[in-house]
Amino acid sequence: DTGVSQDPRHKITKRGQNVTFRCDPISEHNRLYWYRQTLGQGPEFLTYFQNEAQLEKSRLLSDRFSAERPKGSFSTLEIQRTEQGDSAMYLCASSSARARAVNYEQYFGPGTRLTVT
Amino acid sequence: QKEVEQNSGPLSVPEGAIASLNCTYSDRGSQSFFWYRQYSGKSPELIMFIYSNGDKEDGRFTAQLNKASQYVSLLIRDSQPSDSATYLCAVEGGATNKLIFGTGTLLAVQP
């Protein structure tokens, strides 16, 4: 257990429905990332938050996707009008921006597996 | 050309042998490199990170980095069946330190 939690762990939804996932990072971590992983591929970056500010979004993040981190703690990722191609594992990772650090190790949560039928 | 390339495997080694996993990357400006282990159906688990050229050892794991050749590798000594998993190479990219992953190498350790 890395200390990053995600909810729900599994979600089955019908095409066209909206879904929302939650990520709670390690408490002292101010950096939060969302990734998506499909079968046989490595995780792909979706978006990044530093505290409550969303500082980068991938072109993979279409208009149907939105992410928030309202108080700089937990984050939510919402997918509107889901499509079958959205079926994947959605992973959240957190890291800490330490003074004088040259890198920021990212620790992943257990993921939310989304199946769109 | 993919940004991070790994042989998908499977790489099969007998128990007790050394497993060697390789990764190349395209961005010469990359500074930080990570190895994650991922069991089937689970999320990636950080096992090693390396930032400087040379070797870094942690228990049975050794990460090797050669920035001139844009090459990073992971050696697993005394491989155990419990090491059987997909090993993901990741390179830090951009100002936000997001990770760029390879597709992973499936390692199978035969008892």
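Figured I'd write up the structure that's included with this text. (Residues numbered from 1 in each chain as written. Chains lettered and ligands numbered in written order. Predicted model: local features only at pLDDT ≥ 70, side-chain atom pairs only at ≥ 80, totals over all residues. Heavy atoms only, no water.)

## Focus: the pairing of strand β3 (residues 19-24) of chain A
Residues and elements named next belong to chain A. Where burial is concerned, the two faces of β3 differ: the one with V19, F21 and C23 is buried and the one with T20, R22 and D24 is not. Two elements, strand β1 (residues 5-7) and β3, share three bridges in a ladder whose sense is antiparallel. Each bridged residue has a counterpart across the sheet, and for D7 the counterpart in β3 is R22. Where β3 lies against strand β8 (residues 75-79), five bridges are found, and the strand directions are antiparallel. Within β8, the position partnered with T20 by the bridge is E78. (Buried < 20%, exposed > 50% of the residue type's maximum accessible area, 1.4 Å probe, protein only. Helix = DSSP H or I, 4+ residues; strand = E, 2+ residues; numbered from the N terminus. Pairing = 2+ DSSP bridges.)

## Overview of the environment of E3 of chain B
Residues and elements named next belong to chain B. Tracing the backbone through its elements, the reader meets E3 in the segment before β1 (4-6). Accessibility expressed as a relative area gives 45% for E3, which makes it partly exposed. Residues E3 and T24, 21 residues apart in the sequence, show an inter-C-alpha distance of 8.2 Å. Those residues in contact with E3 that lie beyond four places of it in its chain are T24, Y25, S26 and I100. (Contact = heavy atoms within 4.5 Å.)

## Comments concerning the interface of chain B and chain A
With 19 residues of chain B in contact, the opposing surface of chain A contributes 23 residues. With both chains or domains summed, chain B and chain A bury close to 1,700 Å², and 55% of this area falls on carbon and sulfur atoms. Our enumeration of links across chain B and chain A arrives at one salt bridge. If you look at where chain B meets chain A, you find 10 residue pairs in polar contact (both at pLDDT 80 or more). Counting residues per element, the ones that place at least two in the side of chain B that touches chain A are β4 (33-38), β5 (45-50), β9 (85-93) and β10 (98-101) of chain B. The residue makeup of the side of chain B that touches chain A, split by class, is nine nonpolar, eight polar and two charged. (Buried area = accessible area lost by both parts, 1.4 Å probe. Salt bridge = Lys/Arg side-chain N within 4 Å of Asp/Glu carboxyl O. Polar contact = N/O pair within 3.5 Å; in protein donor to acceptor, adjacent residues only side chain to side chain. Nonpolar A, V, L, I, M, F, W, Y, C, P; charged D, E, K, R; others polar.)

## Structural notes on the packing of aromatic side chains
Under the defined criterion, the tally for this structure stands at 13 aromatic pairs over all chains. With a centroid separation of 4.7 Å and 35° between ring planes, the pair formed by Y33 of chain A and Y48 of chain A is classed as tilted. Of the two residues, Y33 of chain A sits in strand β4 (residues 31-37) while Y48 of chain A sits in strand β5 (residues 44-50), which places them 15 residues apart along the sequence. The same class applies to Y33 of chain A as to Y48 of chain A, namely buried. With 5.2 Å between their ring centres and 25° between their planes, F49 of chain B and Y51 of chain B make a pair best called stacked. Residue class for F49 of chain B comes out partly exposed when judged on its relative accessible area of 23%. Among the aromatic side chains, those forming a connected cluster through ring pairs are Y33, Y35, F45, Y48 and F108 of chain A together with Y36 and F101 of chain B. The ring of F49 of chain B carries K56 of chain B above its face, with NZ or CZ at 3.6 Å from the centroid. Here the guanidinium or amino end of R60 of chain B rests over the ring plane of F61 of chain B, the centre of that ring lying 5.6 Å away. (Phe/Tyr/Trp six-rings, centres within 6.5 Å; stacked < 30°, edge-to-face > 60°. Lys NZ or Arg CZ within 6 Å of the ring centre and 35° of its normal.)

## Some points on the sheet that holds β3 of chain A
Residue and element names in this part refer to chain A. In space, the four strands of this open sheet follow the order β1-β3-β8-β7, with antiparallel pairing throughout. The sheet is open, and its two edges are formed by β1 and β7 (65-68), each paired on a single side. Geometrically, the sheet is characterised by an average inter-axis angle of 15° between neighbouring strands, direction not taken into account. Where β7 meets β8, four bridges bridge the pair, whose relative direction is antiparallel. Bridging across to β8, E68 finds its partner in T76. (Axes fitted to C-alpha atoms, helices over the stretch in contact; angles between N-to-C directions.)

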